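A closer look at the structure
As a plain string of letters, each chain reads:
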Amino acid sequence: MNRTLFRLSVQAVAGRRRGLVLLVIPLALLVLALVVRGLTDGDTGLDATVGLGLSLALPLVALLASTAVLGPEVDDGSIVYLLSKPVSRYVIGVSKYAAAWLATMLLGALPLAGVGLVLDPSEPRRALALGIGVRWPARCTRRSSSGWPR
């Protein structure tokens, strides 16, 4: 991984309009979680909000982060200059992937963990599972008569 390429990629994610959109999506998800918590109780709100977060917000954040990492070079034509430098294409790809992954984790996965904590503060393990991307429905937390999750 090249630190300079990583730094430039992180600046590309944070510096443009995409950076603002990347902030709006998790904030909207957290606001939705607060509204759902105020209007409902139980696991219905948690399932709906987390389902929306995992199926819409997280992939959208990942898509925007990856295009923000690759977009500036393609738009201004400097990708040809970058690829002609004596830096391995593998190193370029890994540096850009690391920047997109970091943005996705900070702006996609952490807000999902926050949503889990807002909607069900009694289950911090479930919020942690949501933060690392494990789909843990409410029905799996209840035990059947045999002691195993259904």
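In this report, the structure presented in the accompanying data block is examined. (Residues numbered from 1 in each chain as written. Predicted model: local features only at pLDDT ≥ 70, side-chain atom pairs only at ≥ 80, totals over all residues. Heavy atoms only, no water.)

So, on to the overall build of the protein. When helices and strands are counted, the protein shows 6 helices and 0 strands. Shown N-terminal to C-terminal, the secondary structure of the protein runs as helices and strands in the order α-α-α-α-α-α. By residue count, 35% of the 150 residues in the protein fall in the buried class. Pairs at least 24 residues apart make up 72% of the contacts formed inside the protein by residues separated by at least 6 positions. If you sum the accessible surface of the protein, you get close to 9,200 Å²; carbon and sulfur atoms cover 66% of it. (Helix = DSSP H or I, 4+ residues; strand = E, 2+ residues; numbered from the N terminus. Buried < 20%, exposed > 50% of the residue type's maximum accessible area, 1.4 Å probe, protein only. Contact = heavy atoms within 4.5 Å. Areas by Shrake-Rupley, 256 points an atom, 1.4 Å probe, with all protein chains shown as cover.)

Here Val69 is to be found in helix H3 (residues 43-76). Along the chain, Val69 and Val13 lie 56 residues apart, while their C-alpha atoms are 5.9 Å from each other. Not counting chain neighbours up to four residues away, the residues in contact with Val69 comprise Ser9, Val13, Lys96, Ala99 and Ala100.

Before going further, it helps to spend a moment on the side chain of Ser95. Its location among the elements puts Ser95 in helix H5 (residues 89-119). Of note is the side chain of Ser95, whose polar atom sits 2.9 Å from the backbone nitrogen of Asn2. Once residues lying within four places of it in the same chain are set aside, the contact partners of Ser95 are Met1, Asn2, Leu5 and Phe6. (Polar contact = N/O pair within 3.5 Å; in protein donor to acceptor, adjacent residues only side chain to side chain.)

Turning our attention to the packing of H5 against helix H6 (residues 124-131). Between H5 and H6, whose axes approach to 7 Å, the crossing angle comes to 160°. Overall, the two elements H5 and H6 adopt an arrangement that is roughly antiparallel. Of the two possible hands of crossing, H5 and H6 adopt the one that is right-handed. Note on element contacts: H6 touches H5 through Pro124, Ala127, Leu130 and Gly131, opposite Ala109, Leu112, Ala113, Gly116 and Leu117. When grouped by side-chain class, the residues that make up the contact of H5 with H6 number 7 nonpolar, 2 polar and no charged. (Axes fitted to C-alpha atoms, helices over the stretch in contact; angles between N-to-C directions. Parallel < 35°, antiparallel > 145°, perpendicular 65-115°, else oblique. Left-handed = near helix turned anticlockwise from the far one by under 90°. Nonpolar A, V, L, I, M, F, W, Y, C, P; charged D, E, K, R; others polar.)

This next bit is on the side chain of Lys96. With respect to the helices and strands, the residue Lys96 is situated in helix H5. Here Lys96 is in contact with Ser9, Val69, Leu70, Glu73 and Leu82, once residues within four sequence places are set aside.

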